[in-house]
Each structure stands twice: as structure tokens, then as C-alpha cells.
Amino acid sequence: MSSLKYSRQRESIKEFLMSRTDHPTADVVYENMKLIYPNISLGTVYRNLSLLADIGEIRKLSSFGGADRFDARTEQHCHFMCTECGAVMDMETDGVDKLMAQIAADFEHGKISDYNARFFGICEHCLKKHKN
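(A) Highlighting the overall build of the protein. The number of helices and strands found in the protein is five helices and five strands. Put simply, the protein has 132 residues, and 33% of those count as buried. Carbon and sulfur atoms form 52% of the exposed surface of the protein, whose accessible area is close to 8,800 Å². Taken as two groups, the 17 positive and 19 negative side-chain charges of the protein have centres that lie 6 Å from each other.

What follows is the structure in C-alpha cells.
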């Protein structure tokens, strides 16, 4: 396989994602990239996000109800989605990591190499709104 040709736009997309913790959608990435590259197309953003996810430089988060979201954190971690406002955030989950390691060790029908744990509920901000 030949090496990937350098792209300023692709690098900018990756840098943008690395500066964020809110797991933006492709549309949010596109709106921000237009500030830097006024002629960039939505298709270019989608293709670059897909390529970055395919080569493991970012993670594509699907099944959160709605558009795919993107995360520059590629190491194993869990996510939480607020069912009220739709915010998606990283979770620090030592307990889940230990549980998954035990499950992988106990699994006799193959080898587990990855997992994707998602949690759903109401975020702190939405809980505060309910108290008022």
C-alpha cells in the first residue's frame, strides 16, 4: 500500500478535532473548516473524516441517535450521551476497563481486541435545569 499523500485540509480537520472534547458532527467540522478554507466542500470534509477514521487517526462514533460524531482520542475509553440535550462526552472508567479485561480473559470462543461501551442518561447541566 502506498503512503498517504499529505493534505493541509485533512491535517486541519484532525487538529480541529484534537482541540475539542464535545465530539462534533461532520456538519460542525465543516462549518469550522469553512472559516479556514472558504472553498472546502462538505464532501471533502466527509471523505477526510472517513479516511482518518479508517486509518485509526480518529474515532467515528455511531449509534448515538442522529449524525455520526468524531473523536480525536483514539485510546480505549467509554462515552456518555445525554438523552435530553444530546451532548456526548468522554468517561474516565477504570472500573469498566478492569471489567472488560476480565471479560476478555474469560472469553473462550476467540480473542476480544476492542470494545465500545456507551452510557446514556442525563448530564449534569440538564439535571441542574430540572432542579430550577
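(B) Structural detail: the sheet that holds strand β3 (residues 78-82). If you trace the three strands from one edge of the open sheet to the other, you get β4-β3-β5, paired in mixed fashion. This sheet does not close on itself; its edge strands, each paired only once, are β4 (88-91) and β5 (118-121). Pairwise comparison of adjacent strand axes, ignoring direction, gives a mean angle of 30° for this sheet. Bridge count for β3 against β4 is four bridges, and the pairing is antiparallel. Across the sheet, the residue bridging to Met81 is Val88, located in β4.

(C) Focus on the pairing of β3. Across the five residues of β3, five count as buried, placing the element largely inside the fold. Hairpin connection between β3 and β4: a loop of five residues separates the two successive antiparallel strands, and Gly86 in this loop has a positive phi of roughly 85°.

What counts and how
- Residues numbered from 1 in each chain as written.
- Predicted model: local features only at pLDDT ≥ 70, side-chain atom pairs only at ≥ 80, totals over all residues.
- Heavy atoms only, no water.
- Helix = DSSP H or I, 4+ residues; strand = E, 2+ residues; numbered from the N terminus.
- Buried < 20%, exposed > 50% of the residue type's maximum accessible area, 1.4 Å probe, protein only.
- Areas by Shrake-Rupley, 256 points an atom, 1.4 Å probe, with all protein chains shown as cover.
- Lys, Arg positive; Asp, Glu negative; His and termini not counted.
- Charge placed at Lys NZ, Arg CZ, Asp CG, Glu CD.
- Pairing = 2+ DSSP bridges.
- Axes fitted to C-alpha atoms, helices over the stretch in contact; angles between N-to-C directions.

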